[in-house]
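# Examining the three-dimensional arrangement
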Amino acid sequence: MKLKNYCATLILFTSTFNASAWDAKVTNILHHRDWVAVTLTPDPGPGKCEKGSPYLVKVDETAKSQQLFSMILTALATGKTISGYDDPCVNAIWGNSRPSIERLNLKAN
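Structure report, in brief. Residue numbers here run from 1 along each chain, matching the order of that chain's written sequence. At least 70 in pLDDT is required for a residue's local features to be given in this predicted model, at least 80 for side-chain atom pairs to be given and counted, and no such filter applies to totals for whole chains, interfaces and linings, which use all residues. In computing side-chain values, all of the structure's heavy atoms are included and hydrogens and water are not.

### Quick notes on the packing of aromatic side chains
Going by this rule: Centres within 6.5 Å make a pair out of two Phe, Tyr or Trp rings, where for Trp the six-membered ring is used; the pair is then stacked when the planes are under 30 degrees apart, edge-to-face when over 60, and tilted otherwise. Runs of H or I in DSSP of at least four residues are treated as helices and runs of E of at least two as strands, each being numbered from the N terminus.
One pass over the full model with this rule turns up one aromatic pair. Summarising the aromatic geometry, the rings of tryptophan 22 and tyrosine 55 are spaced 5.4 Å apart at their centres and angled 75° between planes, so their arrangement reads as edge-to-face. On the criterion of sequence distance, the pair formed by tryptophan 22 in strand S1 (residues 22–32) and tyrosine 55 in strand S3 (residues 55–58) is long-range, its members being 33 residues apart.

Spelled out as structure tokens, the structure:
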């Protein structure tokens, strides 16, 4: 019985931990210095930040950054949906804290 409870708890924890926080389509992007502002529809909202969409992505020479930017461009060009998570807020553009995108899934719709 204890093993069943443990397994059920583990499955519940891992399934909620890996679940995405939002799904949206990329409708516009704006590149500004080291950041890309990504407009999403529907707007997932501000989460813990002051403002919602556009969400911000740090663009630099790292493989992670280039992969995120490539996925966002693919979503914009193809109309595919992306799903994201509750990533940290940043104050990079426009002086308000906005959600960042650090983890992303490109859906096959």
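There is more to say, and it comes next.
### Comments concerning unusual backbone geometry
Most of the time, phi is negative for any residue but glycine, and the peptide bond is trans. Note the cut-off: The buried label applies to any residue whose accessible area, calculated with a 1.4 Å probe on protein chains only, is under 20% of its type's maximum; exposed applies above 50%, and partly exposed to all values in between.
Between threonine 41 and the following residue, proline 42, the backbone shows a cis peptide bond with an omega angle of -5°. Mapped onto the fold, proline 42 is located in the loop between strand S2 (35–41) and S3. The residue after serine 53, namely proline 54, is reached through a cis peptide bond having omega 10°. Positionally, proline 54 belongs in the loop between S2 and S3. Of note in the backbone geometry, arginine 33 takes a positive phi value of approximately 55° without being a glycine. In this fold, arginine 33 is placed in the loop between S1 and S2. The exposure class of arginine 33 is exposed, given its relative accessible area of 70%. Within the chain, tryptophan 94 stands out as a residue other than glycine whose phi angle is a positive 70°. For tryptophan 94, the location among the structural elements is in the loop between strand S5 (89–90) and strand S6 (98–99).

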